[in-house]
Amino acid sequence: MPAVHHKLLLEEALHDSPQTRSLLSVFEEDAGMLTEYTNQLLQSMQRVFGAQSEMGLATEQLSQRLLEYEKKNFALGKGDEEVISTLQNFAKSVGELNSLHSELANQMADSMVFPLIQFREKDLTEISTLKEIFGIATDEHEAAMVKYSRLPKKKENEKLKADLVKEVAYTRRKQHQASLQYYCALNALQYRKRVAMLEPMLGYTQAQISFFKKGIELVSKKMDTFLSSVSNMMQNIQTQLDSEAEAMRMSQKELLSADDAIYMPDKDSEPVNRTLIQKAGYLNIRNKTGLVTTAWDRLFFFTQGGNLMCQPRGAVAGGMVLDLDNSSVMAVECEDRRYCFQITSPSGKTSMILQAESQKEYEEWICTVNNISRQIYLTDNPEAVAIRLNQTAIQAVTPITSFEKRQEGSPNPDRAKPGGIPPAGSDSQKSGAGPEPEDLIAPGTPIQFDIMLPASEFQDQNRGGGRRTNPFGETDDDSKAASDDSLLQQVFAVRFLGSMAVRCGNNREVIYEAMRQVLAARAIHNIFRTTESHLMITSSSLRLIDPQTQVTRISFQLEEVCQFAAHQENGRLMGFVVEGIDWSDGNGEGEPSFSAFVFESNTEGEKICYTINLAKDITEAKKDPEALAELMKNMPLTNDGKFLLLEPETGDTDDGAGPEDLESEA
């Protein structure tokens, strides 16, 4: 290696000539640049060391993450056993590499970073310190020379002269010593800087070579076979991916080539399935946001068993919204929206209004809720039961728009009994075997879904002395009615479902059969809309009143009601049979005729039946003053002496109408 050609002569230190000072400035400038470069080089080496240390920590963390794959229990991780075992082998190899990286980091710290730090702290710091000492000594010598130069020529100042001579000699010696040490350090720095630059890189290279040698031994001896198997596995997976991607591409092309009608929300390209016991899809639900304001939210609804479930977007699972057992569903008009229907709980206290996307979805949701409310899903084969009930209903019911009777010899439909099993002690069980549907209602009997009376019943009311009604709800005998109704008045919110002629009026089974046929006809022929009315029960009559105009839509004398009953399972359904006279024979006498009326109420049907029964008891008790007094003694009365029957009825009125005060009045 070539020797250093430039150095400071120690012999010139005492004289401190300008030439020496000029050469000294070159050495000082070189030392300053060396200090700056050393700091930059040290930062780079420390960065390399930090990266290597971080590499060790990163590989350790990587090894842990590879082992955690098995513990994640991915929902779609079935069949990943081979991947798990491969990752475990990789984790072991990465762990061994981590030890090599840690060893490499330690070697870098000892053989690369530490020597350069030592050079900076020892040699460069020494140069800086000696420079400061040399500068101080030079300043002191210059000050002493200035004092010595100012000595006067008089002999009496010999003592002062001697002191200044000593001071000059002392400062000159001190400057000479400082300059010698400073010059020696600057001359030595020319050799030390070469060692300081080479030693860290030598240590770095040797550490890397050692790392690579150990890594090659690890890979070549232990991982050749393993890496080959992993490569083959990846190729197989890639082949499967390519095949699946091609299949998905063809499927996507086929799906996109379909008719644009599939994107239409109300395409109605498929027939309505009325036998569903499960349904899922998006519906709009109406929510109240204030006293008079509402908002519609689009949520995903589905049925699960006998429950209606709802799952908002992003939710992991759905939550139960309503128990559908014995619930009721009907079409409603709501805010000028199409396809709206309302589901109401059996108690009538909970209801919700939903909107479907299409006519098909609208009808299928209503049919599905109807099927679930019958608890068909609890049978062994619910699909078959739903199909059989639907076919039976189609065979057993003829709507008002068609008066054709079933062909002779057609099989009798199976009777869909309410709840599936008649209650113990019923009339049908007392007689051994229940009457056939044909014995109760003539096959092909038309069903009326509006509030108008059949012609025979209209004639019966006019000829038999029934109360005549007019559009204003007034009668020609208001004073007499007020007197007759003075003991009992009870109002119930009901919805008229339908009426039909029946063959008898002394058997509750006829009411149950009428309920079955009316509900089946509504479901089959998509007649879901109903009109809410107020059923007023007094001690003399039953009146159906329009809640908006208070006009009496229909009225029956209490003695004309010969039978009444509530549904055995769905407690909100009730019906009664009215007896009249059929004048169609023209013989002047007339024949007895019976008509069944079916209603859905916001309260328990048994309460309505109880009120009708009490009204009949009051009517009978009026004939005997003592019996009437005994009845009033046993019944709770209001403060003004009227019968107090039931608690005020309140129902959900999602259509905006307020709850009615239904406390009994006399």
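- In the annotation of an unreviewed UniProt entry, the chain is listed under the name DCC-interacting protein 13-beta and assigned to Oryzias latipes.

**Things to note about the sheet that holds strand S9 (residues 532-538)**
- Pairing is antiparallel across the open sheet formed by 7 strands, whose spatial order is S11-S10-S9-S8-S14-S13-S12. A single partner strand is all that each edge strand has here, and the edge strands are strand S11 (552-557) and strand S12 (561-566). Averaged over all pairs of adjacent strands, the angle between their axes in this sheet comes to 30 degrees, without regard to strand direction.
- As judged from the 10 bridges shared by strand S13 (residues 573-582) and strand S14 (residues 591-601), these two strands associate in the antiparallel manner. From the neighbouring strand, Leu573 faces S14, where its bridge partner is Glu600.
- With respect to the sheet, helix H11 (residues 508-524) is in contact with strand S8 (489-502), S12, S13 and S14, its orientation differing from that of S12 by roughly 65 degrees.
- Along the sheet face, helix H12 (residues 605-622) touches S8, S9, strand S10 (541-545), S12, S13 and S14 and points at about 155 degrees away from the line of S12.

**Quick word on the pairing of S8**
- Among the 14 residues of S8, 12 are classified as buried, and the element is accordingly described as predominantly covered.
- Across 8 bridges, S8 lies against S14 in antiparallel orientation. Across the sheet, the residue bridging to Gly498 is Val598, located in S14.

**Focus: the pattern of salt bridges**
- Evaluation of the coordinates by the stated rule reveals 20 salt bridges.
- The residue Asp123 makes a salt bridge to Arg192 at a minimum N-O spacing of 3.2 Å. Taken together, the residues span a long stretch of sequence, with Asp123 in helix H2 (residues 81-149) and Arg192 in helix H3 (residues 158-222) at a distance of 69 residues.
- The exposure class assigned to Asp123 is buried, which follows from its relative accessible area of 9%.
- Note that Glu513 and Arg516 form a salt bridge whose closest N and O atoms lie 2.6 Å from each other. On the criterion of helical spacing, the pair formed by Glu513 and Arg516 is a turn pair, its members being 3 residues apart in helix H11.
- Using a relative accessible area of 10% as the deciding quantity, one classes Arg516 as buried.

**Overview of the nonpolar core**
- Of all hydrophobic cores here, the largest spans 31 residues; its most connected members are Leu24, Phe119, Ile127, Tyr182, Leu186 and Leu189.
- Broken down by secondary-structure element, the contributors of at least two residues to this core are helix H1 (18-68), H2 and H3.
- With 12 residues, the top contributor of residues to this core is H2.
- Excluding anything up to four places from it in sequence, Ile127 contacts Ala31, Tyr182, Ala185, Leu186 and Leu189.
- Residues Val494, Phe599, Cys609 and Ile612 belong to the second largest nonpolar core, which totals 25 residues.

**As for the pairing of strand S2 (residues 294-304)**
- Pairing analysis gives 9 bridges linking strand S1 (residues 280-288) to S2, with the strands arranged antiparallel. The partner of Asn284 across the bridge, within S2, is Arg298.
- Turn length for the S1-S2 hairpin, with the two strands adjacent in sequence and antiparallel, is 5 residues.
- Relative to strand S3 (residues 307-311), S2 runs antiparallel, the two being bridged by 5 bridges. Bridge assignment links Gln304 to a residue of S3, and that residue is Asn307.
- The loop that links S2 with its antiparallel partner S3 comprises 2 residues; one of these, Gly305, has a positive phi angle of about 65 degrees.

**Quick word on the packing of H2 against helix H4 (residues 224-256)**
- Remark: H2 packs on H4, axes separated minimally by 12 Å, with the N-to-C direction vectors making an angle of 145 degrees. With respect to the hand of their crossing, H2 and H4 are arranged in left-handed fashion. Here Glu82, Thr86, Asn89 and Phe90 of H2 come into contact with H4, specifically with Phe226, Leu227, Val230 and Met233.
- Grouping the constituent residues of the contact of H2 with H4 by class yields 5 nonpolar, 2 polar and 1 charged.

**So, a nonpolar patch on the surface**
- On the surface, Leu256, Ile262 and Tyr263 cluster together to form a nonpolar patch covering roughly 340 Å² of accessible area.
- Assignment of secondary structure puts Ile262 in the loop between H4 and S1.

**Let's talk about the sheet that holds S3**
- A sheet is described by the order of its strands in space; here 7 strands give the open sequence S4-S3-S2-S1-S7-S6-S5, paired in antiparallel fashion. The sheet is open, and its two edges are formed by strand S4 (319-323) and strand S5 (328-331), each paired on a single side. Strand-to-strand twist across the sheet, computed as the mean angle between neighbouring axes with direction ignored, equals 40 degrees.
- Bridge count between S3 and S4: 4 bridges; the pairing is antiparallel. By the bridge assignment for S4, Asn307 is matched with Asp323.
- Each of S1, S2, S3, S5 and strand S6 (340-344) touches helix H5 (residues 359-373); the most contacted strand, S6, lies at about 15 degrees to it.

Procedures and definitions
- Residues numbered from 1 in each chain as written.
- Predicted model: local features only at pLDDT ≥ 70, side-chain atom pairs only at ≥ 80, totals over all residues.
- Heavy atoms only, no water.
- Pairing = 2+ DSSP bridges.
- Helix = DSSP H or I, 4+ residues; strand = E, 2+ residues; numbered from the N terminus.
- Axes fitted to C-alpha atoms, helices over the stretch in contact; angles between N-to-C directions.
- Contact = heavy atoms within 4.5 Å.
- Buried < 20%, exposed > 50% of the residue type's maximum accessible area, 1.4 Å probe, protein only.
- Salt bridge = Lys/Arg side-chain N within 4 Å of Asp/Glu carboxyl O.
- Core = buried A, V, L, I, M, F, W, Y, C linked by side-chain atoms within 4.5 Å.
- Left-handed = near helix turned anticlockwise from the far one by under 90°.
- Nonpolar A, V, L, I, M, F, W, Y, C, P; charged D, E, K, R; others polar.
- Patch = residues over 30% accessible without salt bridge, like charges linked within 9 Å, V, L, I, M, F, W, Y side chains within 5 Å.
- Areas by Shrake-Rupley, 256 points an atom, 1.4 Å probe, with all protein chains shown as cover.

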